[in-house]
Amino acid sequence: MISSHLITEFFAWAPLTVLVVILVVAYVMTRGEKQVAAPIGKTYSCARCGRRGVREHMVPVTVEGAVVWYCGRCAQTH
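Described below are features of the structure shown in this document. (Residues numbered from 1 in each chain as written. Predicted model: local features only at pLDDT ≥ 70, side-chain atom pairs only at ≥ 80, totals over all residues. Heavy atoms only, no water.)

Let's talk about the pairing of strand S3 (residues 58-63)
Rule in force here: Strand pairing is assigned whenever DSSP identifies at least 2 bridges connecting the two strands. Helix and strand assignments follow DSSP, with helices taken as H or I runs no shorter than four residues and strands as E runs no shorter than two, numbered in order from the N terminus.
As defined by bridge partners, S3 adjoins strand S4 (residues 66-71) across 6 bridges and the pair is classed as antiparallel. The residue bridging Thr 62 from the neighbouring strand is Val 67, located in S4. Hairpin connection, S3 to S4: the antiparallel pair is bridged by 2 residues, and Glu 64 has positive phi, about 50 degrees.

Considerations on a nonpolar patch on the surface
So the rule is basically this: Residues with no salt bridge and a relative accessible area higher than 30% make up the patches, which join like charges within 9 Å and nonpolar side chains (Val, Leu, Ile, Met, Phe, Trp, Tyr) within 5 Å. Here the open area of atoms and residues is found with the Shrake-Rupley method and a 1.4 Å probe, where only the protein chains shown may cover a residue. The term salt bridge refers to a side-chain nitrogen of Lys or Arg lying within 4 Å of a carboxyl oxygen of Asp or Glu.
Taken together, the side chains of Trp 13, Leu 16, Leu 19, Val 20, Leu 23, Val 24, Tyr 27 and Val 28 define a hydrophobic patch exposed on the protein surface, amounting to about 810 Å² of accessible area. Considering the arrangement of structural elements, one finds Val 20 in helix H1 (residues 4-30).

Focus on unusual backbone geometry
Phi at Glu 64 is positive, roughly 50 degrees, even though this residue is not glycine. Along the chain, Glu 64 turns up in the loop between S3 and S4.

Digging into H1
Rules: Here the expected span of a helix is defined as 1.5 Å times the quantity of residues minus one. One fitted axis covers the seven residues ending at a residue, a second covers the seven starting there, and the bend at that residue is the angle between these axes.
Between the first and last C-alpha of H1 there are 39 Å, a value that for 27 residues agrees with the 39 Å anticipated at 1.5 Å per step. In the structure, H1 departs most strongly from a straight axis at Ala 14, where the bend amounts to approximately 35 degrees and where the proline Pro 15 lies between one and four residues downstream.

Nothing here speaks to function; it is geometry throughout.
Written out as structure tokens, the structure is:
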């Protein structure tokens, strides 16, 4: 017969044990991943030709509530 003290101890330690197991599994799964460095400057891609440029060289255009970025060349033909 299982005593009530054993059941109480099990349910007292179960959440901590599960947390430790989850943390160990997460650590083992992510320890080999390389960290990606953040880009120095944020660039935007032209919605028409794909050319990339900094924000100052791009033209924002609102299309159906979304902001679309065009390079100077494509913004003139839009």
